[in-house]
Amino acid sequence: MKIGVFVCHCGSNIGGTVDAARVAEASREFPDVVFTSDTMYACSEPGQDGIIQAIKDNQLDGVVVSSCTPRMHEPTFRRTVERAGLNRFMFEMANIREHVSWIGKDKEANTNKAIELTGIAVEKLRRDQPLFAKQFDINKRVLVIGGGVAGIQAALDCADGDREVVLVERESTIGGKMAKLDKTFPTVDCSSCILGPKMVDVAQHPKIQLYAMAEVEEIGGYVGNYEVKIRRKAPYVNWDLCTGCGLCMEKCPSKKSTDRFNEQVGSTTAINIPFPQAIPKKAVIDPKFCIKLTKGKCGICAKICPTKAIVFDQREEIISESVGAIVAATGYDLFDISKYGEYGGGRLPDVITGLQYERLLSASGPTGGHVKRPSDGKEPKTIVFVQCVGSRDKSVDRPYCSGFCCMYTAKQAILTKDHIPDSSSYVFYMDIRSPGKMYDEFTRRAMEEYGTQYVRGRVSMIYPQGDKLMVRGADTLMGTQVEVEADLVVLAAGAEAAVGAPQLAEKLRISYDKYGFFMESHPKLRPVETNTAGVYLAGSCQGPKDIPASVAQGSAAAAKVLALFAKDKLENDPMISLVDMKRCVGCGKCVRVCPFGAIKEIDVRGEPKAEVIETVCQGCGLCTATCPQGAIQLSHFTDNQILAEVNALCQL
Amino acid sequence: MPALAGKELRIVGFLCNWCSYGGADTAGVGRFSQPTDLRIIRVPCSGRINPLFVAKTLLSGADGVLVSGCHPRDCHYAEGNFYARRRLEVFKRFLPTMGIDPDRFEYTWVSASEGQRWQKVVTTFTEQIHKLGPAPRFGFAHEQNPATAAAC
Amino acid sequence: MTILTQLKEQITAQLPKLDMVIGWEQGYDALHATPLFMRAAEDVERLQIGPLSVHNTATYLTGLRNKKVGLVVKGCDSRAVVQLQQEGLIDRENVVVFGFPCDGVADLTKVRRLIGDVGRVEEVETTPTELRLRVDGREEQVAMSDVMADKCRRCQYPNALVHDHFAGKPREPHATSDDYTDVQEFESQSLETRFEHWKSEMSRCIRCYACRNACPMCVCRDHCIAQSRDPHWVTQDDMVREKWMFQVIHAMHLAGRCVECGECQRACPVDIPILALKRKMNKEIKEVFNYDAGVDPQAIPPLLSFQVEEENINERGW
C-alpha cells in the first residue's frame, strides 16, 4: 500500500502550537507512507488540488490528512480523494486541531502528540477497505412535530413541494405561542391576522394530514423509512361530526375549567373551543372539569349538540404512520415565574407573565381586549415591565438570553399606551437586545414616542401595599434605588425547552443540551440538521427564537426535506457490519442486541447464521463488540483496525 | 514514537463519535486547555467498545484508559451505551483480580455540548493516572518485529 | 437398587431412540475416568458414576447439534445444559438428560499432592468418605474431605437442574450460599502481589488451550479469537502478555455465562488456578445483576440486556 500524509497548518490554528512540518517529516517513518507534505490550508482549493496531484504523481492508495476534527471536514476530503480516483473510504483523518493545537500550548508535547495521532490514522488506513454504498427506497412523506408557526411553515412548504405531510400537534389547535399573541413586533400587525390564513391553509391543504391533540409515542426506523406511532388523545367529541358551532360552550354549566389558551387568565367551560380561529375548530371536553365525566350526570352538551358529536366514552387511540423524514418544531415553554419568590409571581394576582399580558391585550382574549388587572378588574394606570425573569440568570440555572423578550416588552409598552392613553409604563432592563431589522428603531419608539421609562437595573422585590404593588429596584445608571408604585407588573418570563422535549429527543435519537434544547448538527453551517439523518429542526425547540427566525427555520427545514426527497433512492452509509459466514456459529447474540433489528438469522445448509440487512444497519458496532468470535465486523471500525490503533500507541 | 519520557504517561481514550468525540471537539473550539497525555481513538458508539479493547490496551502498556460515550438515554444509536455501561462496569470490577488498579480505567458520559465537562474529565483522569504512576509491565516486550506488525 | 443400576436401566430403555448417551467410564487407570459414548446396550455396562466422574459431559453438546444425544449429568453439568439452551446453542428436544444426585467429585491434583505421582492405579474403591487406591500392590487411603474439588464444597446445585430422567433421590445441597471468600482472600493481597502472581503463573502456560477445549461454554471452537488473524486479538509471540490476554478474553467471554464447572482449571496440564478468574467474574455478576448463570433457561444473560436505570451501577460522578 502507498499512503500519503498531508499535515495542515490551518494558518496559525495548528501551526501556532504544532510543528506541522516536523509532523509531516516524522510521518515518513510510518509503514507504507511514501509521501508526506505540510500545507497551509488542506481544505482550501489549492490544498485539495495538492492532495489530488500527489495521489496521481505517487500512485497513492490511501490518504491521511492531519488537520481539524473529522466531524468537520471528513466529507470534504472523502470527496477530494474520490475526485482523484480513490474509493472515498481509503481516507483517514487525524484531529490535530481540536484535540491538540487548541487545547495545549506546549509545542513539543503537541507536536509529539500530533505525530502519534497521525501514526494511528496511518495504522487504521492500512486496514481500510474500499466500501460501496447500497441504494434503498425512500418514503417521501414527512412528519412535522409541533404546529406552531415554525411547524406550520415547514408543513406548508413541504406540502407545496408536493410532499405528503403528517402534522402532529399536542394541543387541540395549531397556532402555538404565536396564536396567543395580540400584535407582533416591530410592525405591530395583528398576530392572528397574519397567522390565521396560514392555519387555514394547513387545514385545507390536500397534502397535509393534521393530528391535533396528539403526541408522538414511538419512532422506529431510519432515514427514508421511519415508522411512527402517534398517540391521539380523546377529546370526547367526534370531530368528524363536530361543526365548531360553539353551542355546547354556551350551555356548559362547568365554567371553572383551566383556560390553557388564555394562559389561565380567567377560566373557561369544560367543553371548549380555545379561540374563534382555532384549527381544527373542534370542541374538546376537559375530563378534569366535565361534570358528566367526573360525577356521571349532566350531559347537557350531548343533548344540545345539533350533530350528536359528543362521545363520553371515547378512548385515546394509537395511529401508525410511515414517513421518510421528520421535522421537530416543538417550540418552547415559559419559565415558571414563581421561582422568583421575591417577585410574588403565582402569589400576587397582579404579577403576570408577558404572555398573560398578551391575552389581556387581545381583542379575542378573556377581557375582550380591555386591559383589566386580574385581582379586581380595574384598568391599571401604572404598569411595570421586568425583563430577564428566568433569562441571563445563573442563580436559577438559566444563563442564556431568551432573545425576544426585549422586543415584546417594547411592543407591550407601546400597546399599553394605545389601550390606556393616560397610563405610564416602566421597563426594568439589564441590556436592550434588539439586533434585528427595524428592531432597535422600534425600542427607541417605545421610549421616545410612547414615553416608556426604561430603568437600567434589576428589580429586587415586589410587594403589595394597599391595592398597589411596590416595585423596588436599582437604577444602575443613576446609581440610586428606585421604587415604583404599580397597578400591574408584567414579568418577561424567559423561554425554556418545551415540556417533554428531552423525552422526544430520546425518541428521535437526537442530542439536546442541558436545558433541553435540541442540538443542531453544526451551530453555523448545519443549523437545521441534526446528527440523525432525516431529522431536522425548526423554531424554538433548537433555542429561543422570534417569529421571523422561526419561520425562516421552518422554511429551511422544509428545503432540507425537499432536497432529501428529490432523490428516488437513498444511499446507505457503507460503514456497516458484515458477517463472516465461516466464523459465525449462529448463536444469535448479535440478533438479540441489535437496536435496529438489522440482523436476521438465516439458514445456510442447515446451520443458523447471522446476516446483516445492509440498508437497515446504522453502523453502531454493538454486534461486533458482542460477538465472541468476532464473526461480525463493523466495516471501517473492525477489531483489527482498533487493535492496530492500540498497538500503534502502546507497543512502544 | 517515543512517549515524552518523564513528562507524559500513556493514556488512551475510546470515544463515541456522536457525543464524547464531539464534546472533545467542543472543548477544543472553546480552547479549554487540557493535559497532553490522552490519545483518542474514535469509534462510532460506546457500544462498539468491547471491554477487551481496554484489557488489550492496559496489557500492552497503557497507564490509563478512558472510555466516554453519550449520556444514558441519549445514545445516537438508542441503546449502545446501555450495553456498554454493563460491560464496562463488569470489566472495571474485574481489574482488581488481574492485579491492575481499577482507577486506571474509567468510563463516563460526555455530550457533544459539554466541552467544559470534557476538560474536567480529561484533567481529573490525567491527574489520577499521574498519581498512580506508570503501570506495571510484563517485561520482555521485545522489539516489535516489522514483519509481524505488517500482518496484524 | 443402586443409583447406578437405576441409571443404566433408564439409559438402556432410552438408547434405541438416541444416537448416543454420554457418561463416564474408567480411563487409562482406575483413578482416571474418561468420557463414555454409549451407542449400544453393551456400552452401558461400562458406565461409572461417582467422585471420579469429573468431566462435564455437556461440553460435547454443541458439536453434536444435529444428533439425538443423551447426557448423564452432575448438577454442574446440568447448569451448562441450561445455559446452552438459554443461549439457543442446543435444541433441548434433541437432548435427553439423565440426572443423579452428585456427592461431589475428587480433585485429582489434590490426590496427587497427597500421595505423590504414583503411576498406574490398579483399583479404586470409593466410599462416602474415602477413596481407597491400590497401587503396586499396596493400598493408599485418602479422605474425600481432603480431596473433594473446591467447587463441590460450595455447590448449591448437586442435583440436575434440568433432567428427563433422574436416578435416586435428590440430595441436599453441599452449601446454601457462596460468600466468595476465596476471591476476597486473593484480593486482600497487594496489587503488586496479585499482578506478579499472574505474571508468574501465566509464564508456565504452554498455550495448549485445554482450558478452552474443556469449557462447555466455549462455543466458538475452531473460530476462537485466540488463534485467528482476523480478528487478531492475540499474537503467537511467546510472551506472558499474550497468554494472559487469552485468559482475560476467556473470563470476559464467560461473564454471565460461566456455570463454574471448573473444567478449565481441571483440564490445565500445568495446574494454573484459572478458575479464580471466573469466580471473580461470577462474584461481580452476582453483585451487580443478582444473576446466576445456568439456572433458568428462560433468563436473559445480563450482558445481553440492560435496564435504563441500573439498580447497582452507580455513575461515579465523573
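Whatever comes next refers back to the structure up there.
Residue positions are given per chain, counted from 1 along the sequence in the order it is written. A letter from A marks each chain and a number from 1 marks each ligand, given out in the order of writing. Side-chain atom pairs in this predicted model are given and counted only at pLDDT of 80 or more, local residue features only at pLDDT of at least 70, and totals for whole chains, interfaces and linings cover all residues. Here the side-chain values reflect all heavy atoms present in the structure, with hydrogen atoms and water set aside.

### Thoughts on the overall build of chain C
Numbering of helices and strands runs from the N terminus, with a helix taken as a DSSP run of H or I at least four residues long and a strand as a DSSP run of E at least two residues long. When its secondary structure is counted, chain C shows 12 helices and 8 strands. C-alpha atoms define the radius of gyration, and 2.2 Å times the number of residues to the power 0.38 defines the globule rule. The C-alpha radius of gyration of chain C comes to 20 Å, within 12% of the 20 Å expected for a compact globule of 318 residues. By principal-axis analysis of the C-alpha atoms, chain C measures approximately 65 × 45 × 40 Å. Note on exposure labels: buried denotes an accessible area under 20% of the residue type's maximum, exposed denotes more than 50%, and partly exposed covers the range between, all computed with a 1.4 Å probe on protein chains only. Counting every position in chain C, which comprises 318 residues, the buried fraction comes to 57%. Only heavy atoms matter for contacts: two residues are in contact if any of them lie within 4.5 Å across the pair. The contacts in chain C between residues at least 6 apart in sequence include a share of 66% that link residues at least 24 apart. Total accessible area computed for chain C in this model is approximately 13,700 Å², and 46% of it derives from carbon and sulfur atoms. Each charge class in chain C was averaged separately, 39 positive and 49 negative side chains, and the resulting centres sit 2 Å apart. Surface accessibility in these figures is a Shrake-Rupley result with a 1.4 Å probe; residues are shielded only by whichever protein chains are displayed. Charged-residue counts in this description rest on Lys and Arg as positive and Asp and Glu as negative, His and the chain ends being excluded. Charge coordinates come from a single atom per side chain, which is NZ of Lys, CZ of Arg, CG of Asp or CD of Glu.

### Section: the interface of chain B and chain A
Taken together, the contacts link 56 residues of chain B with 59 residues of chain A. A 1.4 Å probe defines the accessible area here, and the buried area is the portion of it lost by two parts on being joined, summed over both. Both faces considered, chain B and chain A share a buried interface measuring about 5,100 Å² in area, 58% of it formed by carbon and sulfur atoms. Salt bridges are identified by distance alone: a Lys or Arg side-chain nitrogen within 4 Å of an Asp or Glu carboxyl oxygen. In this structure, the connection of chain B to chain A is made through 7 salt bridges. We define a polar contact as two N or O atoms separated by no more than 3.5 Å, with the added condition that, inside protein, one atom must be a possible hydrogen donor and the other a possible acceptor, whereas residues neighbouring each other in sequence contribute only through side-chain atom pairs. Summed over the shared surface of chain B and chain A, the number is 17 residue pairs in polar contact (both at pLDDT 80 or more). For the side of chain B that touches chain A, the secondary-structure elements that each account for two or more residues are β1 (11-16), α1 (20-29), β2 (38-43), α2 (51-59), α3 (80-98) and α5 (146-151) of chain B. In terms of residues, the side of chain B that touches chain A owes the most to one element, α1(B), which gives 7 residues.

### Quick notes on the pairing of strand β32 (residues 599-604) of chain A
Residues and elements named next belong to chain A. DSSP bridges decide pairing: two strands pair if at least two such bridges lie between them. One ladder, built from 6 bridges, connects β32 with strand β33 (residues 607-612); its direction is antiparallel. Bridge pairing links Val604 to Glu607 in β33. Here β32 folds back onto β33 in antiparallel fashion, the turn holding 2 residues, of which Arg605 has a positive phi close to 45°.

### Observations regarding the nonpolar core
Buried Ala, Val, Leu, Ile, Met, Phe, Trp, Tyr and Cys residues that are joined via side-chain atoms within 4.5 Å together make up what is termed a nonpolar core. Counting 136 residues, the largest nonpolar core has A:Val63, B:Phe14 and B:Phe91 as its most contacted members. Ranked by the residues each element gives to this core, the list is headed by helix α10 (residues 240-253) of chain C, at 8 residues. When neighbours within four sequence positions are excluded, A:Val63 is seen to be in contact with A:Gly4, A:Phe6, A:Ile51, A:Ile55, A:Val81, A:Leu86, A:Met90, A:Phe91, A:Glu92 and A:Leu125. Core analysis: the second largest hydrophobic core is formed by 114 residues, A:Val612, A:Leu622, A:Cys623 and C:Leu304 among them.

### Digging into the pattern of salt bridges
Any two side chains of opposite charge can pair if their charged atoms end up close together. Taken as a whole and assessed by the stated rule, the structure comprises 92 salt bridges over all chains. Of the charged contacts, one joins A:Lys514 and A:Asp397 as a salt bridge, the two residues approaching to 3.9 Å between their closest N and O atoms. Taken together, the positions of A:Lys514 in the loop between α15 (501-508) and β29 (535-537) and A:Asp397 in the loop between β21 (382-389) and α13 (405-419) put the pair 117 residues apart, joining distant regions of the chain. The exposure class of A:Asp397 is partly exposed, given its relative accessible area of 37%. Salt-bridge contacts for A:Arg445 lead to A:Glu449; the nearest nitrogen and oxygen are separated by 3.7 Å. Its relative accessible area of 58% is what places A:Glu449 among the exposed residues. Connected through shared salt-bridge partners, B:Glu89, B:Arg93, C:Glu187, C:Lys280, C:Lys283, C:Glu284 and C:Glu287 make up one network.

### A few points about the interface of chain C and chain A
Counting residues at the interface gives 21 residues for chain C, matched by 17 residues for chain A. Both sides of the chain C and chain A interface together cover about 1,600 Å² of buried area, and 56% of this is carbon and sulfur. Put simply, chain C and chain A have 1 salt bridge between them. Its salt-bridge partner being A:Lys589, residue C:Glu87 comes within 3.0 Å of it at the nearest N-O pair.

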